[in-house]
Amino acid sequence: MRPSIARTSEMPGPKRAWSSWWGAPIIKQKGIVEYTLSPYQTKAAPHWVRSYVFNFYRRVSAEAVYFVIPFGLGYGIYAWAKRHDAYQNSKAGHIASGAAHH
């Protein structure tokens, strides 16, 4: 009886097209290219706070028109409606609307 693929613990397909299984020693493979960073380029985030602050300001200021104007308009309507409701529910508002005739 021939052992199954699970029994041999090899991946199906041509032999040595990849490492034999998870955790197996890595062998040199044909057609695989690895790229790494130079040790001179891997400084741990130099000046990241300064660049973050300026980049954040640049991006937010470019988009400010799209959220400042609607927010201001919405807040203006909300503040007006709140004042108008308070006036209508006051004694002066009742007298002005003519609803206080008893």
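Residues numbered from 1 in each chain as written. Predicted model: local features only at pLDDT ≥ 70, side-chain atom pairs only at ≥ 80, totals over all residues. Heavy atoms only, no water.

1. Overview of the overall build of the protein chain
The helix and strand tally for the protein chain stands at three helices and zero strands. Of the regular secondary structure in the protein chain, the N- to C-terminal order runs α-α-α. Of all 102 residues assigned to the protein chain, the portion counted as buried reaches 3%. (Helix = DSSP H or I, 4+ residues; strand = E, 2+ residues; numbered from the N terminus. Buried < 20%, exposed > 50% of the residue type's maximum accessible area, 1.4 Å probe, protein only.)

2. Section: the UniProt feature "transmembrane region" (unreviewed entry) in the protein chain
Sites flagged by UniProt as "transmembrane region" (unreviewed entry) map to residues 64-81. Taken end to end, residues 64-81 comprises 100% helix and 0% strand; its first and last C-alpha atoms sit 25 Å apart. (UniProt positions renumbered as here; feature names shortened; annotations may be inferred.)

3. Re the packing of aromatic side chains
Inspection of every chain in the model, using the stated rule, returns two aromatic pairs. Plain terms: the ring middles of Tyr52 and Phe56 are 6.1 Å apart, the flat faces sit at 20 degrees to each other, and that makes the pair stacked. Note that Tyr52 and Phe56 are positioned in helix H2 (residues 48-88) at a spacing of four residues, about one turn of the helix. (Phe/Tyr/Trp six-rings, centres within 6.5 Å; stacked < 30°, edge-to-face > 60°.)

4. Points about the confidence of the model for the protein chain
For the protein chain, per-residue confidence averages 77 on the pLDDT scale, and 62% of positions sit at 70 or higher. Mean pLDDT across the secondary structure elements of the protein chain bottoms out at helix H1 (residues 5-8), with 49, and peaks at H2, with 93. (pLDDT = per-residue confidence, 0-100.)

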